[in-house]
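# Analysis of the macromolecular model
Here are the chains, one letter per residue:
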Amino acid sequence: MTAPMGIFRGRGVALALIAPALAVVGLFFVAPLVMSGVVAFRGKGGEFTLEHFRKSFDYYTTDLLFTLAIVLLSTLLIGLVAIAIAGYLTLGGHPRTVAVLRWLYRWPLFIPFVVAGQLMRTFLAKNGMLNHVLIGSGLIEPLSAQSLLDWRGIVVAFVWKQAPFVTLLLAGAMAAVESQHIEAARNLGARRLRVLVDIVLPQVRGTLLVGLVLSFVTMLSVLSVPLMINPNSPTMVTVDVAYRISTHGDYPVANALCLLSLALAAIGAVFYLRHAAAQVEGK
Amino acid sequence: MSALPSSVRMIFRALILALLAFAIFGPLLNLLLWAFAERWYFPNKLPLEFGLTYWYRVFQPRGNALASLGTSVWIAVLTVAFSLAVAIPAGYALARLKLPWRGAILLVFLLPQAVPNLPVYVNIAQVFYQIGLNGTILGVVLVHASHGLVLAVWIASAAFASVDTSLEEASRNLGASPWTCFRTVTLPLAMPGLIASAIFVFLESLDEFTGTYFVGVPDVTTLPLLMFNATMGGNYQISSITALLLLIPSIGFMLVVERFLKADVLAMVGR
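Here the structure is a predicted model, which is why all the values come from computation and not from measurement. (Residues numbered from 1 in each chain as written. Chains lettered and ligands numbered in written order. Predicted model: local features only at pLDDT ≥ 70, side-chain atom pairs only at ≥ 80, totals over all residues.)

### So, the overall build of chain B
What chain B contains, in helices and strands, is 12 helices and 2 strands. Helices (α) and strands (β) of chain B occur, in sequence order from the N terminus, as α-β-β-α-α-α-α-α-α-α-α-α-α-α. Its C-alpha radius of gyration of 23 Å places chain B more than 25% over the 18 Å reference for a compact globule of 271 residues. Relative to its full complement of 271 residues, chain B shows a buried share of 49%. Counting contacts in chain B only where the partners sit at least 6 residues apart, residues at least 24 apart contribute 73% of the total. (Helix = DSSP H or I, 4+ residues; strand = E, 2+ residues; numbered from the N terminus. Rg over C-alpha atoms; globule rule 2.2 N^0.38 Å. Buried ≥ 20, exposed ≤ 12 C-beta atoms within 10 Å, placed from the backbone. Contact = placed C-beta atoms within 7 Å.)

Okay, here's the thing in structure tokens:
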């Protein structure tokens, strides 16, 4: 935006138009977030304390590491799946396969996490459809069928649900890459995989990063999937937070755990905000 | 790859597509089976008996499911109305007007997508509990709106930015007042984007779980919460039917999303 072009003019008008939205986000998002930071550090008498964090680490260090590992692994897999699918959609040489793939990949796009959790809870169970198909096709013995409803189930649910979202963003960005670059490289004899890695991916790095960071942050605060697939220890921090509140009414430790998962997300969020700010400024 | 004969490559392609199709539709098919299963227990591969008993139970006039569906839709409608009422002016200001502290304001509107929401819900629940908003429709709508609002602001801002300013200027030159110009030129041209943002907010509210889990208890049971309770109670038929109800709008929107949102606007979502 270089100059004001609106039909309504004046800074006062602009601020008045945006104030209600800002107030809602401020009251119902920013304020509770700040409150989290206060409650987590405040003792019974209102004094500053690190007691809640000590307790968090005493009880939940394993779960914190478990959470980080699951979310990192899921993010990595989502990235790989998204690159593979978006890459084939952009560079694939077989039009019908491209068309089928384009129709196929996006089904889970708007399916809510809570439904994805329910889907996987029955699909990946010991007597779920996955095992029946594996046994039926002779790939595994009936006796070696096992339930995948542990960390693996969470990762599968996350990738199943989030990969289409990143793929959608990535395919959109790849479609905007100059086709001349791609054709030139192809004419010089480069293979598709090389074109993808050397020419296309570097140009869509920003979009990939945004998609992955958004997924990373989203997965960190999903409660339903771990609650439905793997509620027992070790589990994800979100489950611990819900447990501290519903069973103990222990808001301070719940908030300390929240802040710790915020810290996990902070690294990602910094990347994201910096990139988003650059995008907005660049317009 | 090019060294392989084309028939091998075709089989390879078909195999990969088949695997992907199974990965995507397998869980959905499993859900369908559960929704129509009368009896199904280990080690049977398929339900022993199909039927609609559980559908009758879900849709009986005083059943929980219909009440939850009503609650969910009512909350979603209120959330859309509230979100758009504040997001449309905000989106317009962001797209068209000179704003002081523009960067900082944008940052605030990015926060709810960039920060895990759990601490927010936990503390809102605590505050709402003290002021009596816990377990009320209004409380849940406020929580949904504070999140949906952000999407709505972005999409509305992108929609307004895409309206050609020369059309507005022409209308102003012909003597239209700013309000008439906005109502008859800008708003109709931005409408597809605004409808898209309404659908996004509606779906997000309909599907929202965590916020409702903390703020809605014990009196507000939306469809996702009902489904969750049925699943945790081991009632897979009820939870599968409820999940199907939730899937219909989600998949329907997935199929038509590109009619409302061109790829470039869609790529703006999440930026």
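### Looking at the overall build of chain A
A tally of helices and strands in chain A yields 12 helices and 0 strands. Viewed in the frame of its principal axes, chain A has a C-alpha envelope of about 75 × 70 × 30 Å.

### Comments concerning the interface of chain A and chain B
On the side of chain B, 83 residues touch chain A, which itself brings 80 residues to the contact. For the side of chain A that touches chain B, the element with the highest residue contribution is helix 1 (residues 11–40) of chain A, accounting for 17 residues. Here the side of chain A that touches chain B is built from residues that sort into 60 nonpolar, 17 polar and 3 charged. (Nonpolar A, V, L, I, M, F, W, Y, C, P; charged D, E, K, R; others polar.)

### Observations concerning the environment of Phe50 of chain B
Residue and element names in this part refer to chain B. Here Phe50 is to be found in strand 2 (residues 49–50). A tally of 13 C-beta atoms within 10 Å means that Phe50 is categorised as partly exposed. For the pair Phe50 and Ala35, spaced 15 residues apart in sequence, the C-alpha to C-alpha distance is 9.1 Å. Not counting the four nearest positions on each side in its chain, Phe50 is found in contact with Phe36, Ala37 and Glu38.

### Observations concerning the domain arrangement of chain B
All names here are of chain B. Partitioning chain B into structural domains gives domain 1 (6–51) and domain 2 (64–268). Distance between the C-alpha centres of domain 1 and domain 2: 34 Å. Counting residues at the interface gives 4 residues for domain 1, matched by 6 residues for domain 2. Counting residues per element, the side of domain 1 that touches domain 2 draws most heavily on helix 1 (residues 6–35), at 3 residues. (Domains from an automatic or database assignment.)

### Describing the nonpolar core
Inside soluble globular proteins, nonpolar side chains tend to come together where they are buried. Within the largest apolar cluster, 172 residues are counted, with the highest numbers of intra-cluster contacts made by Leu170 of chain A together with Ala87, Leu149 and Val153 of chain B. No other element matches helix 6 (residues 137–161) of chain B, which puts 17 residues into this core. Excluding residues within four positions of it along the chain, Val153 of chain B makes contact with Ala21 of chain A together with Ala87, Ala90, Gly91, Leu94 and Phe109 of chain B. (Core = buried A, V, L, I, M, F, W, Y, C linked by C-beta atoms within 7 Å.)

### Some thoughts on helix 11 (residues 237–248) of chain A
Residues and elements named next belong to chain A. Compared with the 16 Å implied by 1.5 Å per residue over 12 residues, the 16 Å span of helix 11 between its first and last C-alpha is a close match. When helix 11 is considered as a whole, its buried residues turn out to be Val237, Thr238, Val239, Asp240, Val241, Ala242 and Arg244. Of the residues trailing helix 11, Gly249 is marked for its positive phi of about 60°. (Expected span 1.5 Å × (residues − 1).)

### A closer look at unusual backbone geometry
All names here are of chain B. Pro218 follows Val217 through a cis peptide bond whose omega is -5°. Within the secondary structure, Pro218 sits in the loop between helix 9 (210–215) and helix 10 (223–232). Positioned with a positive phi, Trp101 is a non-glycine residue whose angle comes to about 50°. Along the chain, the position of Trp101 falls in the loop between helix 3 (64–96) and helix 4 (102–114).

### Regarding the confidence of the model for chain B
Residues and elements named next belong to chain B. Per-chain confidence: chain B averages 84 in pLDDT, with 93% of residues scoring 70 or above. Residue range residues 267–271 is modelled with pLDDT below 50. Its contacts to residues more than four positions away, or to other chains, number 16 contacts. At the level of chain-chain contacts, confidence expressed as ipTM amounts to 0.82, with global pTM at 0.86. (pLDDT = per-residue confidence, 0-100.)

### Comments concerning the confidence of the model for chain A
This prediction gives chain A a mean pLDDT of 86; 92% of its residues lie at or above 70. The low-confidence segment residues 1–5 of chain A (pLDDT under 50) makes 5 contacts with residues lying over four places distant or belonging to another chain.

### Focus on the packing of helix 1 of chain A against helix 4 of chain B
With their axes 10 Å apart at the nearest point, helix 1 of chain A and helix 4 of chain B run at an angle of 45° to one another. Overall, the two elements helix 1 of chain A and helix 4 of chain B adopt an arrangement that is oblique. Along this stretch, helix 1 of chain A crosses helix 4 of chain B, giving a crossing that reads as left-handed. Residues Ile18, Leu22, Val25, Phe29 and Val30 of chain A of helix 1 of chain A touch helix 4 of chain B, and the partners they reach there are Ile105, Val108, Phe109, Leu111 and Pro112 of chain B. Tallied by class, residues from the contact of helix 1 of chain A with helix 4 of chain B come to 10 nonpolar, no polar and no charged. (Axes fitted to C-alpha atoms, helices over the stretch in contact; angles between N-to-C directions. Parallel < 35°, antiparallel > 145°, perpendicular 65-115°, else oblique. Left-handed = near helix turned anticlockwise from the far one by under 90°.)

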